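Descriptive structure summary
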Amino acid sequence: MEKQFSFRLRHTQGQARVGELVTPHGVVATPAFMPVATQATVKTLTPEEITAAGAGIILGNAYHLYLRPGVEAVHRLGGLHRFMSWPSPILTDSGGFQAFSMGSLKKVDDDGISFQSHVDGSRHRFTPQLATRNQEGLGADIIMCLDQCIAFGADRQEITRAMQRTHRWAEICCETHVLSDQAPFQALFGIVQGGTFPDLRAESAAAITALPFDGFAIGGLAVGESKEEMYRVTELVADLLPADKPRYLMGVGSPEDLVESVARGVDMCDCVLPTRVARNGALFTREGRVNITNRRFAEMDAPLDPECDCYACRNFTAAYLWHLFKAKEILGLRLASLHNLRFILRLMEEMRQAIAQGRFDRYRQGFWNRYRPTDEKVRQQQKQKWLAAREG
RNA sequence: GGAGGGGUGGGUGAGCGGUUAAAGCCACCAGACUGUAAAUCUGGCCUCCGGAAGGAGUUCGCAGGUUCGAAUCCUGCCCCCUCCA
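A short tour of the structure in this document, coming up. (Residues numbered from 1 in each chain as written. Chains lettered and ligands numbered in written order. Predicted model: local features only at pLDDT ≥ 70, side-chain atom pairs only at ≥ 80, totals over all residues. Heavy atoms only, no water.)

**Some words on the pairing of strand 5 (residues 58-61)**
Worth spelling out the cut-off: Only protein chains enter the area calculation, which uses a 1.4 Å probe; residues under 20% of their type maximum are buried, those over 50% are exposed, and those in between are partly exposed. By the criteria applied, helices consist of DSSP H or I runs no shorter than four residues and strands consist of E runs no shorter than two, each listed in order from the N terminus. Following DSSP output, two strands are said to pair if at least two bridges run between them. By the criterion used throughout, a crossover qualifies as right-handed when its path from the first strand across the helix to the second strand runs clockwise, the strands pointing away from the viewer.
By the alternation rule, side chains of strand 5 split into Ile58 and Gly60 and Leu59 and Asn61, which are all buried. The sheet contact formed by strand 4 (residues 32-37) and strand 5 spans two bridges and is parallel. In the strand pairing of strand 5, Val36 is matched with Leu59. The β-α-β motif built from strand 4, the intervening helix 1 (residues 47-52) and the parallel element strand 5 has right-handed crossover chirality. As judged from the four bridges shared by strand 5 and strand 6 (residues 90-93), these two strands associate in the parallel manner. Residue pairing in the sheet places Gly60 in a bridge with Thr92 of strand 6.

Laid out in structure tokens, this is it:
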């Protein structure tokens, strides 16, 4: 049976590209941002709301769904789309990233990842085969290879070993998936690793693009390196990926990073940032991020962002959002999530349009003329503190 | 009228002679969050100087006293609460 997945490149301007992902659940315009629905839900939002915000594809997580409610359960309940009542395309992550983010609960060897459930402490093991079968069982439109993600700061030897494992696992995922009866309905993406070492990235890109993948992801970024480094590696890898396949930069999603990634030829991104940050009161505006809990919003009798067309900004004042957050009302989390998602998805729409019309450079410049990102030093400091707090 | 308990920083509430400008929690003020162990975490929060380290000055109902030293002990006064009449 013929593969029900393809990628069509429509326009390019410089490195930036506009295209379409054709999947069994519909066509997605790229560059696309995928809101993250880790546990079969984009936290606080309904599928209708996510769609209304402009999302054409979302990301689910095979690690979390494997643990709860279980791949078999989702399968029996009609697959992930039906289970969560999401009609559009879904991409699932393999669980490789969890092995990175869950610290002491996991142990990686050459053949897979052994880990303890963060839910009940039970012991499990993911191999490339199982990670692939899990995602086949969930029924996503696009599934990801199991890979090993390494934190920034690891030494070259460790990065190399993780990269080599990722390559070996990629072969196994390909071999496993091609035999599946799901193969015609699912795209399989490989993941390039290699940290911030240019030669390792090149080596990884060569190894991964040699395999019969439907698309290619850049993994192992946004894990602590500076933005300059992240952009540098993104550019380097994107240039080494085939032009006729989609390129997916994993885990990236601040407004400025999306603009810079698209400028370097990235077609897909996903990120928890817009929704997570929203739940903590940080909202995107054209000028940068603001904390809605700040005193200055207490009596602002106007939308947070008058230029925003999201449900929250069309219907409520900043003062009301401030109140909801101060009172810890659930609606605040929902409206904030809706706003940030709409901000990001609109940014993507605007970029697609700008590229198609050959004015992306100007658009990008216009973005930077207004947008002030968070101070890099502050980010690094707080990140360290966050990690320390989680350990202790 | 009789018996007892208590008054601590915006709130609550530890402390009961020095290591206490005074725990913790809440509130308040700010910051962070990038393939979600996240509606979480980190700072600040008497006043003044300092970016910070730190320094100086005023604090534990009010007024006296004991002591080298008091939120902590003593005396008086003012409030509050519980039980019995």
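Having seen the structure, we can now continue with the description.
**A look at the protein's contact with RNA strand B**
Basically, it comes down to this: Being near a molecule or strand, for a residue, comes down to having at least one heavy atom within 4 Å of it. Two N or O atoms count as a polar contact when they lie within 3.5 Å, although within protein this holds only if one can serve as hydrogen donor and the other as acceptor, and sequence-adjacent residues are included solely when both atoms are side-chain atoms.
As a matter of local geometry, RNA strand B sits amid 51 residues, with Lys227, Met250, Gly251, Val272 and Lys326 nearest to it. Side-chain polar atom of His64 to a sugar or linking oxygen of RNA strand B: 3.2 Å apart, as the coordinates give it. Here a sugar or linking oxygen of RNA strand B sits 3.0 Å away from a polar atom, N or O, in the side chain of Arg276.

**Section: the packing of helix 13 (residues 318-326) against helix 14 (residues 330-356)**
Inclusion rule: A fitted line through C-alpha atoms represents every axis, and for helices the fit uses only the stretch in contact; the resulting angles, taken between N-to-C directions, go from 0 to 180 degrees. Any angle that is under 35 degrees is reported as roughly parallel, and any over 145 degrees as roughly antiparallel; angles of 65 to 115 degrees are reported as roughly perpendicular and all others as oblique. Here is the rule for handedness: rotate from the far helix to the near one, and if that takes an anticlockwise turn smaller than a right angle the crossing is left-handed, while a clockwise turn gives right-handed. When checking whether two residues touch, look at their non-hydrogen atoms; a contact exists if any pair is within 4.5 Å. Nonpolar residues are Ala, Val, Leu, Ile, Met, Phe, Trp, Tyr, Cys and Pro. Charged residues are Asp, Glu, Lys and Arg, and all others, Gly as well, are polar.
Contact geometry of helix 13 with helix 14 gives a least axis separation of 7 Å together with a crossing angle of 130°. Classed by the angle they form, the pair helix 13 and helix 14 counts as oblique. In the crossing of helix 13 with helix 14, the sense of the turn from one axis to the other is left-handed. Every residue of helix 14 that contacts helix 13 at Tyr320, Leu321, Leu324 and Phe325 is listed here: Leu331, Gly332, Leu333, Leu335 and Ala336. For the contact of helix 13 with helix 14, a count of residues per class yields eight nonpolar, one polar and no charged.

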